[in-house]
Amino acid sequence: MGHRLLPRAVNYGVMTSTDSTQPTTAPFLSLEAVRKTYPGVVALDRFSMEVRPGEVIGLVGENGAGKSTLMKILGGVTRPDSGTVTVDGAAHDGLTVEQSIGSGIAFVHQELNLFENLDVAANIFFGREPLRAGPLRLVDRAKLREMVAPLLKRVGANFSADAPVASLSLAQQQMVEIAKALSIKARLVILDEPTSSLPMAETEKLLDVIKGLKAQGISVIFISHRLHEIERVADRVVVLRDGTLAGTLPKSHINHDEMVRLMIGRMLKEREKAGEAARAPGSVALSADAIRTSTYPDRPVSLELKRGEILGLAGLVGSGRTELARVLFGIDERLAGSVALDGKPLNVGSAADAVANGIFLVPEDRKLTGILLDLSIAQNISLPNLPAHARRSLVSAGAELATAEKQKKNLGIKAPSVLTRTGTLSGGNQQKVVLAKWLAMNPKVMILDEPTRGIDIGAKAEIYGLMRALADAGVAVLMISSDMEEVIGVSDRIAVMHEGQISGILDKDDFSQENVLLLAVGKKPKLLQTAGGAQ
Amino acid sequence: MTKKDLGLLILILVVGAVVTAINPRFLSAINLANTSNLVALFGILSIGQAFVIITGGIELSVGSVIALLGTLFIDFIAVREVSWPLAFVLILALGAVIGFVHGWLITRLKLQPFVVTLCGLLIYRGVARFYTADGTAGFAFGQNFPTLEFLTAGRSYGLPNSFIALIVIAIVMWVVLHRSVFGRYLYAIGKNEEAAKYSGIRTGRVIIAAYVICGVLTALSAIYFAMYTRSISPASHGQFYELYAIAAAVLGGFSLRGGEGSLVGAVLGTVLLQELQNLVNLLGIPSSLNFAVMGGVILIGVLVDQQWGVFRARRRMLEASRRGVAGAPAE
């Protein structure tokens, strides 16, 4: 891709060779030159790492760096194309799910797999309940409690075994998951973004649990976007970038800047920095003043969106970007604060209000909320503006087809006809249908949430072109994106969210992946001029 | 008319031919008139039900509403001497209010349609029985309302007026469901309420409107039933009618998941159900088997339809795979 890589010298504790002299104990798990490709993508390449008993490994990397592929390999869900996975001294070409579980590798996923309607004990021993003698196969509750008690003690639980899971906080539910892992004699617990949905105090509890596991000789792989948490608990940090090992940091070298540098792994590209000449900013189209969303009720968000600009909204998954979009579009309730359109206060109580005022949303989940898969292209495009395609309340098929044909041509929607069911289209063409329905009705403010997710390169470029054309036509465009290159390449300004708040706004001169990432994890960006917009 | 409707029509004709062959009285003028009157009364219910089912909802209180509103209607005109046109309008308004309350509870307070209307089923039946002190509401001897009776139980050109009313209502509601902006909204909401909301449709209002339509049509039907039976014992009047209405809609191709179905189908479904009732009577099948016959036919109908769909999907897939062997898969 032509970007200059940082010097590889950042690999302080090199884990890529086995002749390293340092191991004092045999590693519980080691991966050697693991490679995994999917059609058209190298998900993981020449990747090696090892985990010793009682060691806490922090695993970091941007979205798409290969973390989930690595997890799938460890869980036995996918087999690597080449390389070896050694668990407990036994080398394998790849693990099966049974081998993974059997050797004591346990996962605690971001989305918990608990039965909320059952109590803690039932969840921990689900399917493995101790039974009483007799033909009725009744659960031996006394024995069950006896078995659960020590597990809860090991995770430092402050709740009882018969508490319903639904009554527990998220952190407590995670403790249940960890206790479940311990109950199957886990030797390595992999925590996948466990803290991303936890508030501060809860996070503390979880970090304590991790320290407790370590003290018991259990290894932990802790995956998180929250680098300060990694700083606090990890013995070693493994950084993934573009499917390869970007570097390993021993405890003494774990610090925030180093991790960010390894994650990005490249200097600024000229294109990213210079871009086009700065546009004359238009007047403020949409302004949000101290609005609060139900996800982060204690964090007010203020934002100004100008005519003719594309404002990129970056931040980590779960930082509150989508929630902000949903409030601006009237899907979610606004708990506090005010919104103004063209300087006039605007009360958006429903998506219908937003649409009536020319505020449109291209939602994150295209198939669930963007389009109706069972309706035709034409029906999807006319839906938000149906009265305009009707005479005396009766839908005019002619008007509907005319609009659809026009939009199909303008956007280059590839389909046999406008009567084609949208469910049969490719992702890129579906997204164009979502755009088409809004473009057909003169947007003032266009909010796009991950507009190019799951879309092939060609369609991506077309969608960027459309967004730019909208901005040039005076529309205010707000683009939420987790794709760093996209945010930097497309935006005129970038606002970054961190844990429910705007942590800073970058002007074109200060665009860099590093700055965006710094703001995304709540740190100060490195601004060229002091005149930058960061708060 | 969809393929499904056509299939249903053919089934109706085949069953009719078989019944006629066994008992030619099936085609007698008096039998046809009676049956078409019943088709009309139940058809109006089915159309109302269809509007609710298309949104993915259900209306279970229909039978009880018929008992309550029928009782009230007879009480208004026979006992309280309200002029019948006024009583007529009042009853329709009450039906609208009931529908509105159901819709409001479902959309604003997020209750499940099944629960709301099940409670309605119990409440209205209870209120109706209480209102007459479990007695029977009926007309006094010699009391008559010539115009009202003509409109509800009379005939024009040999056709029951109720049937003519059904035809008119069916045409109007067909246009509403299949051609109007509102109808398109109903389909969109039934298919995917969330996506409809994201397209700026006020889904709550549309769903409430569907329940109001169902309420008004049920009220109209209640008046027809009251004038047909002329006396109502609220403990049993209209019992299970909601199930006839739901069955007709399902036979007519409505999916209980919402977003699918044609109004012609719902009417034809009613015709088939009444034909089956008639068949039980005409062929001397013990009337205790009535429900069993109906249940059996609906089950077979739905099964055939579903299996046919699976078969077609499989055939389409095979074709696509044959065509796509050389080319790349289309996503």
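Note that the structure is a prediction, hence the values are computed from the model and not measured.

Enquirer: Please explain the confidence of the model for chain B as it appears in this structure.
Expert: Residues and elements named next belong to chain B. Per-chain confidence: chain B averages 91 in pLDDT, with 97% of residues scoring 70 or above. Helix α13 (residues 290–323) is the least confidently modelled element of chain B, averaging 82 in pLDDT, while helix α4 (residues 84–107) averages 97, the highest of any element. With pLDDT under 50 throughout, residues 325–331 is counted as low confidence; its partners more than four residues away or in other chains account for 3 contacts. What the predictor reports for the complex is a pTM of 0.76 with an ipTM of 0.85.

Enquirer: Which parts of the structure should I look at to understand the nonpolar core?
Expert: Side chains that are nonpolar tend, in soluble globular proteins, to be buried together. Membership of the largest hydrophobic core comes to 246 residues, with the highest contact counts inside it found for Val189, Phe222 and Val477 of chain A. Of the residues forming this core, the biggest block, 18 residues, is contributed by helix α10 (residues 203–229) of chain B. Every residue in contact with Val189 of chain A, bar those within four places of it in the chain, is listed here: Ala106, Val108, Ile178, Ala181, Leu213, Ile218 and Val220 of chain A.

Enquirer: Please explain the sheet that holds strand β22 (residues 501–507) of chain A as it appears in this structure.
Expert: Whether parallel or antiparallel, the strands of a sheet pair through hydrogen bonds between backbone atoms. All names here are of chain A. Judged by pairing direction, the sheet is mixed, and its 6 strands sit side by side in the order β16-β19-β20-β13-β21-β22 without closing on themselves. Every other strand in the sheet has two partners, leaving β16 (359–362) and β22 as the edge strands with one partner each. The mean inter-strand angle of the sheet, taken between neighbouring strand axes irrespective of direction, is 20 degrees. Bridge analysis of β16 against strand β19 (residues 445–449) gives 4 bridges, and the strand direction is parallel. Paired with Leu361 across the strands is Ile447, a residue of β19. Contacts from helix α18 (residues 513–520) reach β13 (310–315), β21 (493–498) and β22, with the element oriented near 30 degrees to β21.

Enquirer: Whenever I open this one, helix α5 (residues 170–183) of chain A confuses me. Can you help?
Expert: The α-helix advances 3.6 residues per turn, and as a result positions three or four apart in sequence lie on the same side. All names here are of chain A. Across its 14 residues, α5 extends 20 Å between first and last C-alpha, which sits within 8% of the 20 Å expected from 1.5 Å per residue. Burial analysis of α5 places 12 of its 14 residues in the buried class, the great majority of the element. Taken residue by residue, α5 has Ala171, Gln172, Gln173, Gln174, Met175, Val176, Glu177, Ile178, Ala179, Lys180, Ala181 and Leu182 as its buried positions. Directly beyond the C-terminal end of α5, a positive phi value near 55 degrees is found at Lys185.

Enquirer: Any chance you could explain unusual backbone geometry here in plain terms?
Expert: What you tend to see is this: most non-glycine residues have negative phi, and most peptide bonds are trans. Positive phi values are uncommon outside glycine, yet Asp342 of chain A reaches one of about 50 degrees. Mapped onto the fold, Asp342 of chain A is located in the loop between β14 (336–341) and β15 (344–346). A positive phi angle is found at Tyr157 of chain B, which is not glycine, with a value near 50 degrees. If you trace the backbone, Tyr157 of chain B turns up in the loop between β2 (155–156) and β3 (159–160). Residue Tyr157 of chain B is classed as exposed on the basis of its C-beta count, with 6 C-beta atoms lying within 10 Å.

Calculation notes
Residues numbered from 1 in each chain as written. Chains lettered and ligands numbered in written order. Predicted model: local features only at pLDDT ≥ 70, side-chain atom pairs only at ≥ 80, totals over all residues. pLDDT = per-residue confidence, 0-100. Helix = DSSP H or I, 4+ residues; strand = E, 2+ residues; numbered from the N terminus. Contact = placed C-beta atoms within 7 Å. Core = buried A, V, L, I, M, F, W, Y, C linked by C-beta atoms within 7 Å. Buried ≥ 20, exposed ≤ 12 C-beta atoms within 10 Å, placed from the backbone. Pairing = 2+ DSSP bridges. Axes fitted to C-alpha atoms, helices over the stretch in contact; angles between N-to-C directions. Expected span 1.5 Å × (residues − 1).

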